[in-house]
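Each chain, written out:
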Amino acid sequence: MFEGLQTVFLICRNLEASRKFYSEKLCLKETSVMADHIRYEAGGVSLVIHAPIAENEMRAWGLDPISEPRGSGVILTLQAANVDEAHENLLGKGAEILSPPRDAPWGVRMFLLRDPNGFLIEVSRPVSSSG
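Residues numbered from 1 in each chain as written. Predicted model: local features only at pLDDT ≥ 70, side-chain atom pairs only at ≥ 80, totals over all residues. Heavy atoms only, no water.

A. Up close: the packing of aromatic side chains. Using the criterion set out here, one finds two aromatic pairs in the structure. An angle of 80° between the planes, with centres 4.9 Å apart, marks the rings of Phe 21 and Tyr 22 as edge-to-face. The exposure class assigned to Phe 21 is buried, which follows from its relative accessible area of 4%. When the ring of Tyr 22 is compared with that of Tyr 40, the centres are 6.0 Å apart and the planes differ by 40°; the resulting orientation is tilted. (Phe/Tyr/Trp six-rings, centres within 6.5 Å; stacked < 30°, edge-to-face > 60°. Buried < 20%, exposed > 50% of the residue type's maximum accessible area, 1.4 Å probe, protein only.)

In structure tokens form, the structure reads like this:
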């Protein structure tokens, strides 16, 4: 029925603060920049960070207005080439790190951080089973 995951769409609080975070701290590649959103390429999936959307427009689409906390129950996962290096890099850039790198029981090395909107991000990589 489905061929894959195409786009993750996050509605932010502040587009410029979000751009600084995703472009400068996370170093994701911007593929398009519009007045109301920025599209990033993240491993074959588009990540769209959208400016706040007015309540009346949300209702016109049959959606409830955004409530806080944003992203409750959602974790965006980014795979890093090296989790520990990514952690040190983001720590040096002042990112809000929630947990240090650790090996999780489900087979990944990971840490968590929060974006300026409150969305949680897991940075991880599968742990090698060889040597």
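B. Layout of helix H1 (residues 15-25). Of the residues making up H1, those classed as buried are Leu 15, Ser 18, Phe 21, Tyr 22 and Ser 23. The distance from a side-chain oxygen at the start of H1 to the backbone nitrogen of Glu 16 is 3.0 Å, and the residue carrying that oxygen is Asn 14. (Helix = DSSP H or I, 4+ residues; strand = E, 2+ residues; numbered from the N terminus. Polar contact = N/O pair within 3.5 Å; in protein donor to acceptor, adjacent residues only side chain to side chain.)

C. Layout of the side chain of Arg 70. Along the chain, Arg 70 falls in the loop between helix H2 (55-60) and strand E5 (75-79). Classification of Arg 70 by relative accessible area gives buried; the value is 12%. At 2.9 Å, the side chain of Arg 70 and the backbone oxygen of Ile 11 are in polar contact. Arg 70 has contacts with Ile 11, Cys 12, Arg 13, Asn 117, Gly 118 and Phe 119, leaving out every residue within four places of it along the chain. (Contact = heavy atoms within 4.5 Å.)

D. Structural view of the pairing of strand E3 (residues 37-42). The pairing of strand E2 (residues 29-33) with E3 spans four bridges and is classified as antiparallel. Bridging across to E3, Val 33 finds its partner in Ile 38. Here E2 folds back onto E3 in antiparallel fashion, the turn holding three residues. In this structure, the hairpin formed by E3 and strand E4 (residues 45-50) is closed by a connection of two residues, where Gly 43 is found at a positive phi of approximately 65°. (Pairing = 2+ DSSP bridges.)

E. Molecular detail of unusual backbone geometry. With an omega of -5°, the peptide bond running from Glu 68 to Pro 69 counts as cis. Counting through the fold element by element, Pro 69 comes out in the loop between H2 and E5. A positive phi angle is found at Cys 27, which is not glycine, with a value near 60°. Here Cys 27 shows up in the loop between H1 and E2.

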